[in-house]
Amino acid sequence: MLKVKKSFALCIMMIFLVTNLLFTACSAKPTEQSQEIQKSEEQNQANSQNGEKVEVDVFQFKVEIAKELEEAARAYEAEHPNVKINIQTVGGGDDYGAALRAKFQSGQEPDIFNVGGPQDVKDWMSKLEDLSDQPWVKLALPGILSGATVDGKIYALPFNIEGYGLVYNKAIFKDAGIDASKITSFESLEEAVKKLDKKIKSGELKDKYPLLEAVFEYPAKETWVTGLHTSNAVLSQEFDSSMAAFNSKKVDFKYGDALKALIDLQANYSSNADKKAKLNAVDYATQVDEGIAIGRVAIIQQGNWIYGGVKNIDENVANNLDILPLPVKGAVEDSIPVGVPMHWAINKNSPDADKEAAKDFLNWLYTSEKGKDFIVNKFFFIPPLKGFENLELKDPLGKAVKRYAEKGKTMPWVFMGYPTGWGQEVLGTNIQKYLAGEMTWDKVISNSKSKWEEMRQQ
């Protein structure tokens, strides 16, 4: 059995231990870290006092914070009257990578955009501004900048730390008599799912949960869920980091059967169990907003980023969410994938004034007191930097990710190292064909393996 390397687990544990200390530390005496932040804030203010009007175009993928990011931009503009922040969000059901390429090809190049890990950094290197001298760099948590560092230079700011697994409604589990603490393997998960499925079908839970119709909702339309996130749990048993995946000329799918088991379990106990082809039309909104948020399903494969959206629909449901492991049968069965979802990058070809304003905005967002309040209390981010002493994680899903990390029950995010487009356009599409009955599982694996090798040769 291939285990996740201790170095990754120790790195993640260190990140969360440092974060925990920062959340609980109290001191009246200014620390070197707080002095660094104050210096950054003073510089931010100085930069905004004078100068010509500039506009910063932001092209970002995280739909969950679209509204809140707009609010943050308006707050920044109030303090920096010479700067206008324009934000365009493309994500959710849309392919951000393809949209970003189209944006650049149109000649309307954004000043701030998003890149993932090593593969994205390589693909976009000709557009990336070196950010090594930025104030936030000194505040980075241990190991957090590795995905956007090349030859010792730092090219992007991590969004946050995220984790995902099987998000479930604790109230439904309690009323169904299921002890979630005992779900630490694929076998125990399957047993709990079958028990819950019987109770739903018998109508036993109908009075309390009138909309509850299935255990799972699996959004196969969202190939980032299937081809990136589900597959990551399995391929993280094969690659110990995104760099290892990035440097590999082939993929073996050593636990291909475990990937099939994860997909089949979610499909077979979904609201479309009898017609799995319909799962290919299920999107994020159907799974989250019209699924777990309203009590139509009890479990979904998602991460801590869904909290804000669910809270806006039903705060009681949001506060009853927790995360079960995403078990890889025959390998790591009691853990969740934890990593950096995306980075903020700055277009090095933008005018100097725009670049300076873009840098200033990101510094403000992650180091000013007002910006940090948005990060933790509005975006519900787990911060990637030091300096959040007075802000505590409040949402249950963020706390759940932290709990797994502190116990060392994590798997790395390796999908950032997949060949460009492979996860969604190849594997994700093949999974759709499998669910539709158009491709055997053996063909899914063989085709995806050969496509990886072909794409690595390009």
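None of these values were measured; they are calculated from a predicted model.

**Q** Just give me the short version of the overall build of the protein chain, but keep the residues and values in it.
**A** Scanning the protein chain from terminus to terminus reveals 18 helices and 13 strands. Looking at the 458 residues of the protein chain, the share that counts as buried comes to 58%. For the protein chain, the computed accessible surface area is about 19,000 Å², with 48% contributed by carbon and sulfur atoms.

**Q** Give a detailed account of the packing of aromatic side chains, specifying residues and quantitative values.
**A** Inspection of the entire model under this criterion finds 25 aromatic pairs. Aromatic ring contacts, followed pair by pair, group Phe-59, Phe-61, Tyr-96, Phe-159, Trp-344, Phe-374, Phe-379 and Phe-381 into a single cluster. The ring of Phe-388 carries the charged tip of Lys-372 above its face, separated from the ring centre by 5.6 Å. When the ring centre of Phe-374 is taken as origin, the NZ or CZ atom of Lys-378, which lies over that ring, is 4.5 Å away.

**Q** I'd like a description of the environment of Ser-350, backed by residues and values.
**A** Tracing the backbone shows Ser-350 in the loop between β12 (343–346) and α14 (352–367). Linking Ser-350 and Glu-109, residues 241 residues apart in sequence, is a C-alpha distance of 8.0 Å. Of the polar contacts made by the side chain of Ser-350, one reaches the side chain of Asp-111; its length is 2.6 Å.

**Q** Quick rundown of the nonpolar core? Include the residues and the values.
**A** Core analysis: the biggest nonpolar cluster contains 152 residues, and Leu-196, Ile-306 and Trp-422 have the highest contact counts within it. Ignoring any residue separated from it by four or fewer positions in sequence, one finds Trp-422 in contact with Leu-235, Val-251, Phe-253, Leu-427, Ser-448, Lys-451, Trp-452 and Met-455.

**Q** Describe the sheet that holds strand β1 (residues 54–60), naming the residues involved and giving the relevant values.
**A** If you walk across this open sheet you meet the five strands as β2-β1-β3-β12-β6, and the pairing is mixed. Of all the strands in the sheet, the pair left with one neighbour each is β2 (83–89) and β6 (157–158). The strands touched by α14 are β1, β2, β3 (112–115), β6 and β12; relative to β1, the strand with the most contacts, the crossing angle is about 60°.

Rules used throughout
Residues numbered from 1 in each chain as written. Predicted model: local features only at pLDDT ≥ 70, side-chain atom pairs only at ≥ 80, totals over all residues. Heavy atoms only, no water. Helix = DSSP H or I, 4+ residues; strand = E, 2+ residues; numbered from the N terminus. Buried < 20%, exposed > 50% of the residue type's maximum accessible area, 1.4 Å probe, protein only. Areas by Shrake-Rupley, 256 points an atom, 1.4 Å probe, with all protein chains shown as cover. Phe/Tyr/Trp six-rings, centres within 6.5 Å; stacked < 30°, edge-to-face > 60°. Lys NZ or Arg CZ within 6 Å of the ring centre and 35° of its normal. Polar contact = N/O pair within 3.5 Å; in protein donor to acceptor, adjacent residues only side chain to side chain. Core = buried A, V, L, I, M, F, W, Y, C linked by side-chain atoms within 4.5 Å. Contact = heavy atoms within 4.5 Å. Pairing = 2+ DSSP bridges. Axes fitted to C-alpha atoms, helices over the stretch in contact; angles between N-to-C directions.

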